[in-house]
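Structure assessment
What follows is each chain in one-letter form.
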Amino acid sequence: MRAAALLAVLLWQAATANQPPVAQPGAMLYERAIRVGGGERQGGSGQVCAVLDAQIFPHAAPSLSDVRIFSTQQGAPGEALREVPYAITLSEAATDETETAHVLNLRAKPGASKGSALITFDLEMPQRAYTDVTLDLDPAVHDFIATATVTGTNDVGPGGERDKSVDLGTFRLFDLASQHLSRDTTIQLQETRYRFLHVDLKISPAQGKPAARFVPVMVLGATVPPSREAQSVYTTVAETSVVVTKGREMIAMFVVPARVPVERVSFELAQEFAGNFSRAVKVTALADGADDGGRAALPEVVTGSIQRVHSTDAAGEIRTEQLAVDAILGANLQRAAKVEVAIDNDDEQPLPVAAVRLEMRQRKICFEAPVDGASLALFYGDSRLAAPAYNYARLFMTSQALVAELGPEKLNPKYRAPAAEVRPFTARHPELLWIALIAVICALGMVALKAARNVGR
């Protein structure tokens, strides 16, 4: 019995030796008020969401594990604080990934003018909503302007026959490589779900260029990215208007604190600038200091491009613009990092860049607002805390919610630094605890074996 009692005590100590501390507002260094807008709730669930800005990440624990919301129970003794469960959301595109659309009934049609071609084909689309459709045209074919007339239908016969089809519009595609401009072969539709698209592609050489050989086999396929209706929303992490020209590059510099996510770089041009351009962009991030092994940190490099083409000619209008580059950086996840954004002007005039921004996907903290009108505050800054496990977060579903705003970050006036924790002997030497457990189990086994022998006699 004594051995059994000792075993129970040891198991209890093993279970409680490494329990994380309970979240207490007084032990958290930072505080931000939460202001719920929108007036009275209109009979809904009372769900409220506030956007998390970049300021919270350097001062909170990794993965925001120490973030807590507390409400003040008005009229309670000492204005007692009550912990409010929450869930954190991350803005992202639709879960559908980029898919392939199969090309059917590809052929040439007569009637095109000299040097031009009329290519017709059907696309078998994914069974989901979509907006953009990018044609994969032979990359060796340059300097063309094309008009794509698109109709949608849910039924296509083996020879391309369609009983009913709906006109979805006419779109301009182009390649202006010899003009040092970009290539755009994306058909930008309104969101639709038609099972098949029929495309009549009239393609001609770009103005002043010799006729290329345009044939059906130049249509290699098509890809369908997630619908634009569910694209990511971004929050600014850092912004600068200081852009320095060095040689043929324009460079903007940032210092990003540790743990602040950076997932995109966007550019703003002077409003009066209306020129066409295509520029390569390089983003270089270097963590401050050495890695965990004492080695100098290696730079992280992400490349991309920005472009704008606005032009009108006898064939119609071309309008395309891309002023952002996806750049998911990891160099700043553990330490502060220096980020350099460089635009390569090549031999062209420098772009009139008004601002360069580092951005992260929008993150929101959502919770049920208290019905008693209690004041709310966000606390963080206690690295000892483990991430909370709320039933609210497990059952949380995004829905229409009131908008809340976080007040400015300030030091918690009631903060008291936690006393130096004296860890119990069993926590400081867990191997001894396991040795004792094994010894007790062996002793119990020997007692049981001896008792079994006595019973046998």
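For Leu64, which is not a glycine, the phi torsion comes out positive at approximately 55°. Structurally, the position occupied by Leu64 is in the loop between strand E2 (47-52) and strand E3 (68-72). Of note, Asp143 is a non-glycine position whose phi angle comes to about 55°, a positive value. Note on placement: Asp143 falls in the loop between strand E8 (130-137) and strand E9 (144-153).

Moving on, we come to the sheet that holds strand E13 (residues 196-205). In spatial order, the strands read E11-E10-E9-E13-E7-E6-E14-E8-E12; together these nine strands make up an open sheet with antiparallel pairing. Edge positions in the sheet fall to strand E11 (183-184) and strand E12 (186-192), since each of these pairs with one other strand and no more. Where E8 meets strand E14 (residues 219-224), four bridges bridge the pair, whose relative direction is antiparallel. Counted as the bridge partner of Leu135 is Ala222 from E14.

This next bit is on the packing of aromatic side chains. Taken as a whole and judged by the stated rule, the model has six aromatic pairs. Aromatic pair Phe144 and Phe214: ring centres 6.5 Å apart, planes at 80°, arrangement edge-to-face. Taken together, the positions of Phe144 in strand E9 and Phe214 in the loop between E13 and E14 put the pair 70 residues apart, joining distant regions of the chain. Look at Phe144 and you get buried, because its relative accessible area is 0%. Looking at Phe214, the relative accessible area reads 9%, which means it is buried. Over the aromatic face of Phe196 sits the side chain of Arg195, whose NZ or CZ is 5.8 Å from the ring centroid. One residue, Arg264, lies across the ring of Tyr234, its end atom 3.9 Å from the ring centre.

Glancing now at the state of the cysteines. Scanning all chains against the criterion turns up one disulfide. With a sulfur-sulfur separation of 2.1 Å, Cys49 is cross-linked through a disulfide to Cys366. Where Cys49 bonds to Cys366 through sulfur, the torsion about that S-S bond is close to 110°, and the disulfide is right-handed. Of the two residues, Cys49 sits in strand E2 while Cys366 sits in strand E25 (residues 363-368), which places them 317 residues apart along the sequence. Of the two residues, Cys49 and Cys366, both sit in the buried class.

Summarising the element assignment, Gln322 is placed in strand E21 (residues 316-322). Taking the C-alpha atoms as reference points, Gln322 and Phe267, 55 residues apart in sequence, are found 9.3 Å from one another. Once residues lying within four places of it in the same chain are set aside, the contact partners of Gln322 are Ser305, Ile306 and Gln307. Reaching out from Gln322, the side chain makes a polar contact with the backbone oxygen of Ser305 at a distance of 3.3 Å.

Two orientations exist for strands paired in a sheet by backbone hydrogen bonds: parallel and antiparallel. Sheet architecture is open: four strands sit in the order E15-E24-E18-E22, paired in antiparallel fashion. Of all strands in the sheet, those bounded by a partner on one side alone are strand E15 (234-240) and strand E22 (324-326). The sheet shows a mean angle of 25° between the axes of neighbouring strands, direction not considered. As paired elements, strand E18 (residues 264-269) and E22 share three bridges and run antiparallel to each other. Bridging across to E22, Val265 finds its partner in Val325.

This part is about the confidence of the model for the protein. Scored by pLDDT, the protein comes out at a mean of 82, with 80% of its residues at no less than 70. This stretch, residues 39-45, has a pLDDT under 50; its non-local contacts, to residues over four places away or in other chains, come to six contacts.

For the structure shown, the criterion picks out 15 salt bridges. Across the salt bridge formed by Arg248 and Asp346, the nearest N and O atoms sit 3.4 Å from each other. Of this pair, Arg248 sits in the loop between strand E16 (244-246) and strand E17 (249-256) while Asp346 sits in the loop between strand E23 (337-344) and strand E24 (353-361); the two residues are 98 residues apart in sequence, bridging distant segments of the chain. Classification of Asp346 by relative accessible area gives partly exposed; the value is 38%. One network of salt bridges, with partners in common, ties together Glu239, Glu268 and Arg357.

In this fold, Thr120 is placed in strand E7 (residues 117-124). In terms of polar contacts, Thr120 uses its side chain to reach the side chain of His198, at 3.1 Å. Those residues within four positions of Thr120 in sequence are excluded, and the remaining contacts are Asn105, Leu106, Arg107, Lys109, His198, Val199 and Asp200.

Conventions and cut-offs
- Residues numbered from 1 in each chain as written.
- Predicted model: local features only at pLDDT ≥ 70, side-chain atom pairs only at ≥ 80, totals over all residues.
- Heavy atoms only, no water.
- Helix = DSSP H or I, 4+ residues; strand = E, 2+ residues; numbered from the N terminus.
- Pairing = 2+ DSSP bridges.
- Phe/Tyr/Trp six-rings, centres within 6.5 Å; stacked < 30°, edge-to-face > 60°.
- Buried < 20%, exposed > 50% of the residue type's maximum accessible area, 1.4 Å probe, protein only.
- Lys NZ or Arg CZ within 6 Å of the ring centre and 35° of its normal.
- Disulfide = S-S within 2.5 Å.
- Contact = heavy atoms within 4.5 Å.
- Polar contact = N/O pair within 3.5 Å; in protein donor to acceptor, adjacent residues only side chain to side chain.
- Axes fitted to C-alpha atoms, helices over the stretch in contact; angles between N-to-C directions.
- pLDDT = per-residue confidence, 0-100.
- Salt bridge = Lys/Arg side-chain N within 4 Å of Asp/Glu carboxyl O.

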